[in-house]
Amino acid sequence: MLSLKNISTDRQFALRFLDNNWDEFYNQYVERAWRLFHDWQAAKVIVHHFPLEFILANQESLADDYNYLQMRLRLSPDAPIDRKRLTDSAYLYLCARQSIHVSDKKAEQILYQNTLDTIGAAYLRTTILDLRTVSSMVWSLGVLGKTEILLRFADFQKALDSLVIGREWEDVRAMFNNLHMSLDFSTFDQAMAAEENRTSSICSDGPFDLDAYVDEHVEAEQMLFDNPS
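It should be emphasised that the depicted structure is a prediction, and the values quoted were computed from it without experimental measurement. (Residues numbered from 1 in each chain as written. Predicted model: local features only at pLDDT ≥ 70, side-chain atom pairs only at ≥ 80, totals over all residues. Heavy atoms only, no water.)

Asker: So what exactly am I meant to see when it comes to the pattern of salt bridges here?
Answerer: Side-chain pairs of opposite charge can arise whenever the charged atoms involved come near each other. On inspection of all chains with the given rule, the structure shows eight salt bridges. For Asp 64, the salt bridge goes to Arg 85, with nearest N and O atoms at 2.6 Å. Residue Asp 64 is found in helix H5 (residues 59-65), and its partner Arg 85 is found in the loop between helix H6 (68-73) and helix H7 (88-98); the two are separated by 21 residues along the sequence. Arg 83 is the salt-bridge partner of Asp 88, the closest N and O atoms lying 2.4 Å from each other. Owing to a relative accessible area of 28%, Arg 83 belongs among the partly exposed residues under this scheme. (Salt bridge = Lys/Arg side-chain N within 4 Å of Asp/Glu carboxyl O. Helix = DSSP H or I, 4+ residues; strand = E, 2+ residues; numbered from the N terminus. Buried < 20%, exposed > 50% of the residue type's maximum accessible area, 1.4 Å probe, protein only.)

Following this line, the structure appears as C-alpha coordinates:
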(Lines give C-alpha, C1' and ligand atoms only; values in the text may rest on other atoms or scores of the structure.)
Protein backbone atom coordinates (compact mmCIF):
# COMPACT_ATOMS: atom_id res chain seq x y z
CA MET A 1 0.00 0.00 0.00
CA LEU A 2 2.52 2.60 1.13
CA SER A 3 5.28 2.96 -1.42
CA LEU A 4 8.70 3.44 0.15
CA LYS A 5 10.41 3.70 -3.22
CA ASN A 6 12.31 6.85 -3.98
CA ILE A 7 9.41 8.15 -6.05
CA SER A 8 8.08 11.22 -4.32
CA THR A 9 4.77 11.48 -6.21
CA ASP A 10 3.77 7.88 -5.36
CA ARG A 11 4.74 8.36 -1.76
CA GLN A 12 2.87 11.64 -1.41
CA PHE A 13 -0.26 10.12 -2.93
CA ALA A 14 -0.17 7.23 -0.45
CA LEU A 15 0.43 9.55 2.50
CA ARG A 16 -2.44 11.84 1.51
CA PHE A 17 -4.72 8.83 1.30
CA LEU A 18 -3.65 7.61 4.75
CA ASP A 19 -4.11 11.03 6.31
CA ASN A 20 -7.78 10.91 5.30
CA ASN A 21 -8.27 7.18 5.89
CA TRP A 22 -6.12 6.49 8.91
CA ASP A 23 -5.55 3.10 10.48
CA GLU A 24 -2.97 2.43 13.19
CA PHE A 25 -1.87 -0.60 11.19
CA TYR A 26 0.21 1.79 9.07
CA ASN A 27 2.14 3.39 11.95
CA GLN A 28 5.38 1.57 11.24
CA TYR A 29 5.24 2.28 7.51
CA VAL A 30 4.62 5.99 7.94
CA GLU A 31 7.33 6.30 10.59
CA ARG A 32 9.76 4.47 8.33
CA ALA A 33 8.90 6.71 5.36
CA TRP A 34 9.36 9.81 7.51
CA ARG A 35 12.75 8.73 8.87
CA LEU A 36 13.99 7.75 5.42
CA PHE A 37 12.81 10.76 3.41
CA HIS A 38 11.70 13.43 5.93
CA ASP A 39 8.75 14.32 3.70
CA TRP A 40 6.51 17.01 5.12
CA GLN A 41 3.49 14.90 4.17
CA ALA A 42 4.74 12.03 6.32
CA ALA A 43 5.39 14.41 9.20
CA LYS A 44 1.86 15.77 8.75
CA VAL A 45 0.33 12.28 9.06
CA ILE A 46 2.38 11.66 12.20
CA VAL A 47 1.34 14.95 13.78
CA HIS A 48 -2.31 14.26 12.98
CA HIS A 49 -2.53 10.61 14.02
CA PHE A 50 0.40 9.28 16.05
CA PRO A 51 0.26 8.88 19.85
CA LEU A 52 1.20 11.92 21.91
CA GLU A 53 4.23 10.10 23.34
CA PHE A 54 5.71 9.85 19.85
CA ILE A 55 5.03 13.53 19.17
CA LEU A 56 6.73 14.55 22.41
CA ALA A 57 9.79 12.43 21.68
CA ASN A 58 10.19 13.81 18.15
CA GLN A 59 8.70 17.30 18.35
CA GLU A 60 11.72 19.22 17.07
CA SER A 61 12.16 17.05 13.98
CA LEU A 62 8.44 17.05 13.25
CA ALA A 63 8.29 20.83 13.57
CA ASP A 64 11.24 21.15 11.19
CA ASP A 65 9.74 18.79 8.61
CA TYR A 66 6.15 19.99 8.82
CA ASN A 67 4.68 22.84 10.83
CA TYR A 68 5.50 23.97 14.37
CA LEU A 69 1.99 25.29 15.02
CA GLN A 70 0.33 22.01 14.06
CA MET A 71 2.79 20.06 16.17
CA ARG A 72 2.36 22.39 19.16
CA LEU A 73 -1.43 22.05 19.01
CA ARG A 74 -1.03 18.34 19.83
CA LEU A 75 0.67 19.25 23.13
CA SER A 76 -0.99 20.45 26.32
CA PRO A 77 -1.69 24.19 26.79
CA ASP A 78 0.93 24.46 29.55
CA ALA A 79 3.71 23.03 27.37
CA PRO A 80 6.49 25.49 26.47
CA ILE A 81 5.89 27.69 23.40
CA ASP A 82 8.78 28.47 21.07
CA ARG A 83 7.60 31.97 20.27
CA LYS A 84 10.31 32.48 17.65
CA ARG A 85 8.78 29.74 15.52
CA LEU A 86 5.35 31.33 15.43
CA THR A 87 4.14 34.36 13.56
CA ASP A 88 1.99 36.72 15.60
CA SER A 89 -1.18 35.42 13.93
CA ALA A 90 -0.14 31.81 14.57
CA TYR A 91 0.64 32.63 18.21
CA LEU A 92 -2.80 34.17 18.77
CA TYR A 93 -4.42 31.22 17.00
CA LEU A 94 -2.62 28.78 19.28
CA CYS A 95 -3.74 30.74 22.33
CA ALA A 96 -7.32 30.78 21.03
CA ARG A 97 -7.40 27.05 20.30
CA GLN A 98 -5.89 26.09 23.65
CA SER A 99 -7.43 28.83 25.82
CA ILE A 100 -4.02 30.23 26.73
CA HIS A 101 -4.25 33.58 28.49
CA VAL A 102 -3.12 36.68 26.59
CA SER A 103 -3.21 40.03 28.35
CA ASP A 104 -5.33 42.77 26.78
CA LYS A 105 -2.28 44.99 26.37
CA LYS A 106 -0.28 42.29 24.60
CA ALA A 107 -3.21 41.34 22.36
CA GLU A 108 -3.79 44.95 21.35
CA GLN A 109 -0.10 45.54 20.71
CA ILE A 110 0.09 42.51 18.43
CA LEU A 111 -3.08 43.42 16.51
CA TYR A 112 -2.18 47.04 15.86
CA GLN A 113 1.53 46.48 15.28
CA ASN A 114 0.74 43.93 12.58
CA THR A 115 -1.73 46.32 11.03
CA LEU A 116 1.01 48.94 11.03
CA ASP A 117 3.44 46.51 9.42
CA THR A 118 1.03 45.56 6.62
CA ILE A 119 -0.68 48.86 5.93
CA GLY A 120 1.25 49.31 2.68
CA ALA A 121 -0.55 46.34 1.17
CA ALA A 122 -3.88 47.69 2.37
CA TYR A 123 -3.48 50.70 0.07
CA LEU A 124 -4.29 48.40 -2.83
CA ARG A 125 -7.38 46.88 -1.21
CA THR A 126 -10.78 48.04 -0.08
CA THR A 127 -10.40 47.13 3.59
CA ILE A 128 -7.57 46.18 5.94
CA LEU A 129 -9.50 43.03 6.82
CA ASP A 130 -8.80 41.76 3.32
CA LEU A 131 -5.34 41.15 4.77
CA ARG A 132 -5.54 37.53 5.88
CA THR A 133 -3.09 37.99 8.73
CA VAL A 134 -5.19 40.75 10.29
CA SER A 135 -8.38 38.79 9.66
CA SER A 136 -6.92 35.71 11.34
CA MET A 137 -5.99 37.78 14.39
CA VAL A 138 -9.53 39.15 14.63
CA TRP A 139 -10.86 35.58 14.64
CA SER A 140 -8.43 34.49 17.35
CA LEU A 141 -9.11 37.48 19.58
CA GLY A 142 -12.82 36.82 19.23
CA VAL A 143 -12.36 33.25 20.44
CA LEU A 144 -10.31 34.63 23.33
CA GLY A 145 -13.23 36.91 24.23
CA LYS A 146 -11.40 40.20 23.65
CA THR A 147 -14.62 42.11 23.03
CA GLU A 148 -13.40 45.56 24.06
CA ILE A 149 -10.29 45.27 21.91
CA LEU A 150 -12.33 44.23 18.87
CA LEU A 151 -14.85 46.97 19.52
CA ARG A 152 -12.08 49.57 19.36
CA PHE A 153 -10.50 47.88 16.37
CA ALA A 154 -13.82 47.82 14.50
CA ASP A 155 -14.04 51.60 14.97
CA PHE A 156 -10.43 51.97 13.88
CA GLN A 157 -11.03 49.73 10.86
CA LYS A 158 -14.00 51.78 9.71
CA ALA A 159 -12.12 55.06 10.01
CA LEU A 160 -9.03 53.70 8.28
CA ASP A 161 -10.98 52.06 5.47
CA SER A 162 -12.65 55.38 4.74
CA LEU A 163 -9.26 57.04 4.44
CA VAL A 164 -7.76 54.28 2.28
CA ILE A 165 -10.72 54.22 -0.10
CA GLY A 166 -10.52 58.00 -0.37
CA ARG A 167 -6.76 57.78 -0.93
CA GLU A 168 -6.17 60.14 2.00
CA TRP A 169 -2.59 58.93 2.40
CA GLU A 170 -1.37 61.78 4.58
CA ASP A 171 -4.24 61.23 7.02
CA VAL A 172 -3.53 57.49 7.05
CA ARG A 173 0.10 58.19 7.84
CA ALA A 174 -0.84 60.61 10.59
CA MET A 175 -3.24 58.10 12.16
CA PHE A 176 -0.60 55.39 12.22
CA ASN A 177 2.10 57.74 13.46
CA ASN A 178 -0.11 58.55 16.42
CA LEU A 179 -0.58 54.86 17.19
CA HIS A 180 3.07 54.02 16.61
CA MET A 181 4.25 56.67 19.08
CA SER A 182 2.70 54.79 21.98
CA LEU A 183 1.82 51.13 21.72
CA ASP A 184 -0.26 51.37 24.84
CA PHE A 185 -2.54 53.32 22.49
CA SER A 186 -3.09 56.27 24.80
CA THR A 187 -3.48 58.34 21.63
CA PHE A 188 -6.08 56.00 20.13
CA ASP A 189 -9.08 58.04 21.23
CA GLN A 190 -7.46 61.23 19.94
CA ALA A 191 -6.76 59.64 16.57
CA MET A 192 -10.33 58.44 16.33
CA ALA A 193 -11.75 61.81 17.38
CA ALA A 194 -9.81 63.48 14.57
CA GLU A 195 -11.66 61.31 12.06
CA GLU A 196 -15.18 61.78 13.42
CA ASN A 197 -16.01 64.19 10.60
CA ARG A 198 -15.15 61.48 8.06
CA THR A 199 -16.96 58.45 9.38
CA SER A 200 -19.35 57.50 12.13
CA SER A 201 -18.59 54.88 14.75
CA ILE A 202 -19.66 51.34 13.99
CA CYS A 203 -21.52 51.43 17.30
CA SER A 204 -23.90 54.02 15.93
CA ASP A 205 -25.38 51.30 13.76
CA GLY A 206 -26.44 49.30 16.81
CA PRO A 207 -24.90 47.13 19.52
CA PHE A 208 -21.54 45.60 18.67
CA ASP A 209 -22.10 41.97 17.69
CA LEU A 210 -18.85 40.17 18.54
CA ASP A 211 -19.96 36.83 17.09
CA ALA A 212 -20.99 38.36 13.77
CA TYR A 213 -17.78 40.39 13.52
CA VAL A 214 -15.60 37.35 14.22
CA ASP A 215 -17.61 35.02 11.95
CA GLU A 216 -16.65 37.22 9.01
CA HIS A 217 -13.05 36.10 9.52
CA VAL A 218 -13.40 32.45 10.48
CA GLU A 219 -11.95 31.26 7.18
CA ALA A 220 -8.73 33.18 7.71
CA GLU A 221 -7.51 30.69 10.30
CA GLN A 222 -7.14 28.12 7.50
CA MET A 223 -4.06 30.00 6.29
CA LEU A 224 -2.18 28.59 9.27
CA PHE A 225 -2.56 24.96 8.23
CA ASP A 226 -1.50 22.48 5.56
CA ASN A 227 1.55 24.56 4.71
CA PRO A 228 4.92 23.19 5.77
CA SER A 229 6.87 25.84 7.70
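Asker: Help me out: how do you make sense of the side chain of Glu 108 in this one?
Answerer: Here Glu 108 is to be found in helix H8 (residues 104-122). The exposure class assigned to Glu 108 is buried, which follows from its relative accessible area of 8%. Here Arg 152 takes part through its side chain, which lies 2.9 Å from a polar atom of the side chain of Glu 108. (Polar contact = N/O pair within 3.5 Å; in protein donor to acceptor, adjacent residues only side chain to side chain.)

Asker: Can you walk me through the side chain of Gln 98 in this structure?
Answerer: With respect to the helices and strands, Gln 98 occurs in helix H7. Residue Gln 98 is classed as buried on the basis of its relative accessible area, which comes to 10%. At 2.8 Å, the side chain of Gln 98 and the side chain of Arg 72 are in polar contact. In this structure the side chain of Gln 98 is engaged in a polar contact, spanning 2.8 Å, whose partner is the backbone oxygen of Leu 75. Those residues in contact with Gln 98, other than ones at most four positions away along the chain, are Arg 72, Leu 73, Leu 75, Ser 76 and Pro 77. (Contact = heavy atoms within 4.5 Å.)

Asker: How should the environment of Ser 8 be read in this particular structure?
Answerer: With respect to the helices and strands, the residue Ser 8 is situated in helix H1 (residues 8-20). Each C-alpha atom, one on Ser 8 and one on Asp 39, is 8.6 Å from the other, the two residues being 31 residues apart in sequence.

Asker: Sorry if this is basic, but what is going on with the packing of aromatic side chains here?
Answerer: The geometry of two aromatic rings is summed up by the distance between their centres and the angle between their planes. Under the defined criterion, the tally for this structure stands at 11 aromatic pairs. Plain terms: the ring middles of Phe 25 and Tyr 26 are 5.2 Å apart, the flat faces sit at 85° to each other, and that makes the pair edge-to-face. Their ring planes at 45° and their centres at 5.9 Å tell us that Phe 25 and Tyr 29 sit as a pair that is tilted. Just above the ring of Phe 37 sits the side chain of Arg 11; from NZ or CZ to the centre is 3.7 Å. For Arg 83, the ring lying beneath its charged end belongs to Tyr 91, and the centroid distance is 4.2 Å. (Phe/Tyr/Trp six-rings, centres within 6.5 Å; stacked < 30°, edge-to-face > 60°. Lys NZ or Arg CZ within 6 Å of the ring centre and 35° of its normal.)

Asker: Just checking my understanding: could you explain the nonpolar core for this structure?
Answerer: Side chains of nonpolar character tend, in soluble globular proteins, to be buried together. Counting residues in each nonpolar core, the largest one holds 46 residues, and the members touching the most others are Val 30, Ile 46, Leu 62 and Met 71. Among the elements that take part in this core, H7 stands out by supplying seven residues, more than any other. (Core = buried A, V, L, I, M, F, W, Y, C linked by side-chain atoms within 4.5 Å.)

Asker: Is there a simple way to think about the packing of helix H2 (residues 27-37) against helix H3 (residues 40-49) in this case?
Answerer: Packed helices, taken two at a time, are described by the angle their axes make and the gap between the axes. As a packed pair, H2 and H3 sit with axes 9 Å apart at the nearest point and diverge in direction by 140°. Classified by the angle between their axes, H2 and H3 sit oblique to one another. Remark: the crossing between H2 and H3 carries left-handed chirality. From H2, Val 30, Glu 31 and Trp 34 reach across to H3, where they touch Ala 42, Ala 43, Val 45 and Ile 46. (Axes fitted to C-alpha atoms, helices over the stretch in contact; angles between N-to-C directions. Parallel < 35°, antiparallel > 145°, perpendicular 65-115°, else oblique. Left-handed = near helix turned anticlockwise from the far one by under 90°.)

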